[in-house]
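# Breakdown of the fold
Residues per chain are reported as follows:
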Amino acid sequence: MQTGFTVDTAGPGLYEITPRIARWLSGQGGDGVLTLFVRHTSCSLLVQENADSDVQADLRAFFDRLVPPADDARMHYLRHRAEGPDDMPAHIKAAMMPVSLSIPVDAGRMCLGTWQGVYVVEHRAAPHTRRIAAHLARG
């Protein structure tokens, strides 16, 4: 079974998509492995805590500190600057974080932990529409 999801982002941050995926899976039933793949090079997918929004804010702050915008003096070595100061840093962040996830499915439900959610992590400053491919392989 395959489908796709789109996620509209409004700038950098973590956008939870767990409920949308859960709705699709509930109609499929059965067991298997869900594979999610984001079809872009400047955002990521992540399984992360969904109970305390401070976790998401701290993660974003950490990655922004680790990889600042291209116009920051520490990033003088970057050559790819044609799409703005956030573009190459977004590619670097996407190279460090997952762009695909594999999640076990039991009886039509993701086997996530109590505080886990699935997120699109937007690394670009401008709004984007992100496309995610989803595939459920039955066991």
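What this report covers is the structure whose coordinates are included nearby.

Calculation criteria
- Every chain is numbered on its own, with residues counted from 1 as its sequence reads.
- Selection of residues for local features in this predicted model requires a pLDDT of at least 70, selection of side-chain atom pairs for listing and counting requires 80 or more, and totals for whole chains, interfaces and linings are taken over all residues.
- The side-chain values count all of the structure's non-hydrogen atoms but skip hydrogen atoms and water molecules.
- Buried residues are those whose accessible area, probed at 1.4 Å on protein chains only, stays under 20% of the maximum for their type, while exposed residues exceed 50% and partly exposed ones sit between those limits.
- Patch rule: a residue counts if its relative accessible area is over 30% and it has no salt bridge; like charges are joined within 9 Å, and nonpolar side chains (Val, Leu, Ile, Met, Phe, Trp, Tyr) within 5 Å.
- The Shrake-Rupley method, run with a 1.4 Å probe, gives the accessible areas here. Residue values count only the displayed protein chains as cover.
- When a carboxyl oxygen of Asp or Glu lies within 4 Å of a side-chain nitrogen of Lys or Arg, that pair is called a salt bridge.
- Here a strand is any run of E in DSSP of at least two residues, a helix any run of H or I of at least four, and the numbering for each starts at the N terminus.
- Strands are treated as partners if at least two bridges between them are detected by DSSP.
- In this description, a line fitted to the C-alpha atoms serves as the axis of each element, helices being fitted only across the stretch in contact, and the angle between N-to-C directions of two axes falls anywhere from 0 to 180 degrees.
- Within this scheme, the nonpolar core is defined by two criteria: the residues are buried Ala, Val, Leu, Ile, Met, Phe, Trp, Tyr or Cys, and they are joined through side-chain atoms within 4.5 Å.
- Here, residues are in contact when the closest pair of their heavy atoms is within 4.5 Å.
- Pairs were defined over the aromatic rings of Phe, Tyr and Trp, the Trp ring being its six-membered one, requiring ring centres within 6.5 Å. Orientation was assigned from the angle between planes: stacked under 30 degrees, edge-to-face over 60, tilted for the rest.

## Observations regarding unusual backbone geometry
- If you check the backbone angles, Ala107 has positive phi at about 55° while not being a glycine.
- Among the residues examined, Ala107 registers a relative accessible area of 58% and is labelled exposed.

## A look at a nonpolar patch on the surface
- Taken together, the side chains of Phe62, Leu66 and Met96 present a nonpolar region at the surface, about 300 Å² in accessible area.
- Residue position: Phe62 is located in helix H2 (residues 53-66).

## Overview of the sheet that holds strand E2 (residues 13-16)
- With antiparallel pairing, three strands are arranged side by side in an open sheet as E2-E7-E4. The strands lining the two open edges of the sheet, one partner per strand, are E2 and strand E4 (43-49). Between one strand axis and the next, the sheet turns by 40° as a mean value, whatever way the strands run.
- Of the strand pairs in this sheet, E4 and strand E7 (residues 116-122) are connected by seven bridges, and their pairing is antiparallel. Bridging from a neighbouring strand, Leu46 pairs with Tyr119 of E7.

## Concerning the nonpolar core
- Judged by nonpolar contacts, the single largest core of 20 residues is most densely connected at Ile21, Leu25, Leu34, Leu36, Val118 and Ile132.
- Secondary structure elements with two or more residues in this core: strand E1 (2-9), helix H1 (18-26), strand E3 (32-38), E4, strand E5 (100-106), E7 and strand E8 (128-138).
- Setting aside residues no more than four positions away along its own chain, Ile21 makes contact with Phe5, Leu34, Leu36, Met110 and Val118.
- In this structure, Leu14, Leu46, Phe63 and Met97 belong to the second largest nonpolar core, which totals six residues.

## Let's talk about the pairing of E3
- Across six bridges, E3 lies against E5 in antiparallel orientation. Residue Gly32 lies in a different strand from E5, and its bridge partner there is Val105.
- Sheet topology places E3 next to E8; seven bridges connect them, and they run antiparallel. Pairing of Phe37 across the sheet is with Ala133, part of E8.

## Overview of the sheet that holds E5
- As summarised here, the arrangement of the five strands in space is E1-E8-E3-E5-E6, forming an open sheet in which the pairing is antiparallel. The open sheet has two edge strands, E1 and strand E6 (109-110), and neither has a second partner.
- H1 contacts E1, E3, E5, E6 and E8 of the sheet and is inclined by roughly 160° relative to E1.

## Describing the packing of aromatic side chains
- Following the criterion strictly, the structure yields two aromatic pairs and no others.
- Ring centres 6.4 Å apart and planes at 85° place the aromatic pair Phe5 and Trp24 in the edge-to-face group. With a gap of 19 residues between them, Phe5 in strand E1 and Trp24 in helix H1 connect regions that are remote in the sequence.
- Phe5 sits in the buried class, given a relative accessible area of 10%.
- Under the relative-accessibility criterion, Trp24 is labelled buried at 14%.
- Measuring from ring centre to ring centre gives 5.2 Å for Phe62 and Phe63, while their planes differ by 80°; the resulting arrangement is edge-to-face.

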